[in-house]
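# Analysis of the macromolecular model
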Amino acid sequence: MPISLAQIRDLLLPGLYAVTGEYDQLPRVWNKVYKSRKSTMALERLASMRYLPIAAIKQEGGTTTFDNASGQRYIYNQEHDEIGLGFAITRKAIEDNLYKTEFGPNAMGLRNAFLRFEEVRGADVINTASTYDATVAGDGKALAATDHPVDGGTFSNLASPAVSLNETSLLNAQVAINANWRDNANQRMNAKPRKLLIPPQLEPTAIRLLKTELRPGTANNDVNAILSTQGGIPDGYLVWNYLTSEFGWQVLTDQDGLIHMSRVAYESDMSVEFTTDNLLVKGYMRDSFGYNDPRCAYFSRPTS
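A brief report on the enclosed structure follows. Remember, predicted model here, so these are calculated numbers, not experimental data.

Each value, and the rule that gives it
- In this convention, every chain numbers its residues from 1, walking through the sequence in written order.
- In keeping with the model being predicted, local features are shown solely for residues with a pLDDT of at least 70 and side-chain atom pairs are shown and tallied solely at 80 or more, while totals for entire chains, interfaces and linings include all residues.
- Each side-chain value is derived from all of the structure's non-hydrogen atoms; neither hydrogens nor water enter the calculation.
- Two kinds of site are reported from a 1 Å grid over the protein atoms alone, namely cavities, where a 1.4 Å probe fits but cannot get out, and pockets, open sets with protein on both sides within 12 Å along at least five of seven lines, and residues are called lining when an atom falls within 4 Å of a point.
- Grid points are joined across faces, edges and corners, and a volume is the space filled by probe spheres set on the points.
- Helix and strand definitions follow DSSP, with helices as H or I runs of at least four residues and strands as E runs of at least two, each counted in order from the N terminus.
- Residues are grouped as follows: nonpolar covers Ala, Val, Leu, Ile, Met, Phe, Trp, Tyr, Cys and Pro; charged covers Asp, Glu, Lys and Arg; every other residue, Gly included, is treated as polar.
- Per-residue accessibility, obtained with a 1.4 Å probe over protein chains only, is compared with the maximum for each type, and a residue is labelled buried under 20%, exposed over 50%, and partly exposed between these values.
- Any pair of N or O atoms that falls within 3.5 Å is considered a polar contact. Within protein, one atom must be able to donate a hydrogen and the other to accept it, and sequence-neighbouring residues count only if both atoms are side-chain atoms.
- Should any heavy atoms of two residues lie within 4.5 Å, those residues are considered in contact.
- Strands are treated as partners if at least two bridges between them are detected by DSSP.
- Working convention: axes come from line fits to C-alpha atoms, limited for helices to the stretch in contact. Angles between N-to-C directions cover 0 to 180 degrees.

We now examine the layout of surface pockets. Computed from the structure, the largest pocket encloses a volume of approximately 440 Å³. For the lining of the largest pocket, the secondary structure elements donating two or more residues are strand S3 (71–79), helix H3 (110–127) and strand S11 (279–291). If you tally residues by element for the lining of the largest pocket, the top one is S11, at 4 residues. Broken down by class, the residue content of the lining of the largest pocket amounts to 7 nonpolar, 7 polar and 5 charged.

Following this line, the structure appears as structure tokens:
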């Protein structure tokens, strides 16, 4: 049913000093977490390659070691969703509304509805990071896992056991990212922490950990090692209200991997339905949020 006179009955009468109900929106966060790319395909695919490992000593007069095992290892898929929302409003409701600027076809918050859904979809990749999604494929593991496969071994980007955010757990994450992660040939690689991503409930903890020059939570005069270990956390912390766990936290790294792809940018349109004179207003976009490298983040999923 379209929005009718009955649904805006008080907007038909003079004397209202204000019309409220639209509030400030939460800031956009997903675009600080994801790299955004333009897409020209219905399904985007990325091949994660295995390159040559380490050189070997050659004996005088002996043969050179050959390694012919390089090539693609994992394929990651990202398929776009169609996103749509609209509303209908009767002609009488438009004509008789005395407060069109506050509540009219162009002031119904359609764009904000799409912006909020972008945040939900972007955060969903993080919220479900420990759940394997076969449609993404890749290395056969969830984004957050203790056993991502590489040639001849595995590496972990998930704290096990899960630990709450504190000085020790954050330092352990910083060290693990640089010291324990491997490329697809099981070779050491240079990954660095970049940003701490947290829900609002953990912001006070993040402030204490990242905003003091001395060691947090102690009477010692030690320096705060978090600020320097493996380059520190150079981009600080980022609060995302759409994260569903009050206790889960993640460290984003300098490795690309969290990807937003835009197939059709947001667009809106309106038309009059011929038989009813109802005005139809709708928005549309087509995009996707996903990942193509688990080295993009380190996760911890405590329950308290």
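With that out of the way, let us pick up the side chain of glutamate 167. Position of glutamate 167 relative to the elements: it lies in helix H4 (residues 167–179). Exposure remark for glutamate 167: the relative accessible area of 13% places this residue in the buried category. At 3.0 Å, the side chain of glutamate 167 forms a polar contact with the side chain of arginine 215. Residues within four places of glutamate 167 in sequence aside, it is in contact with Leu209, Arg215, Pro216 and Ile226.

Here 4 strands make up an open sheet; going across it, the order is S8-S7-S9-S12 and the pairing mixed. With partners counted over all chains shown, the strands left at the sheet margins are strand S8 (237–239) and strand S12 (297–300), one partner each. Neighbour-to-neighbour, the strand axes of the sheet open up by a mean angle of 20°, direction not taken into account. Where strand S9 (residues 249–253) lies against S12, 4 bridges are found, and the strand directions are antiparallel. Among the inter-strand pairings, valine 251 is bridged to a residue of S12, identified as tyrosine 298. Lying over the sheet, H4 contacts strand S7 (193–198), S9 and S12, oriented at roughly 35° with respect to S9.

Overall, mixed pairing links the 4 strands, which are arranged S1-S10-S11-S4 in an open sheet. Among the strands making up the open sheet, the edge pair consists of strand S1 (35–38) and strand S4 (81–89). For this sheet, the mean inter-axis angle between neighbouring strands, taken without regard to orientation, is 30°. One ladder, built from 12 bridges, connects strand S10 (residues 258–272) with S11; its direction is antiparallel. Bridge assignment links methionine 261 to a residue of S11, and that residue is serine 288. Of the strands in this sheet, S4, S10 and S11 touch H3, which is tilted by about 20° from S11.

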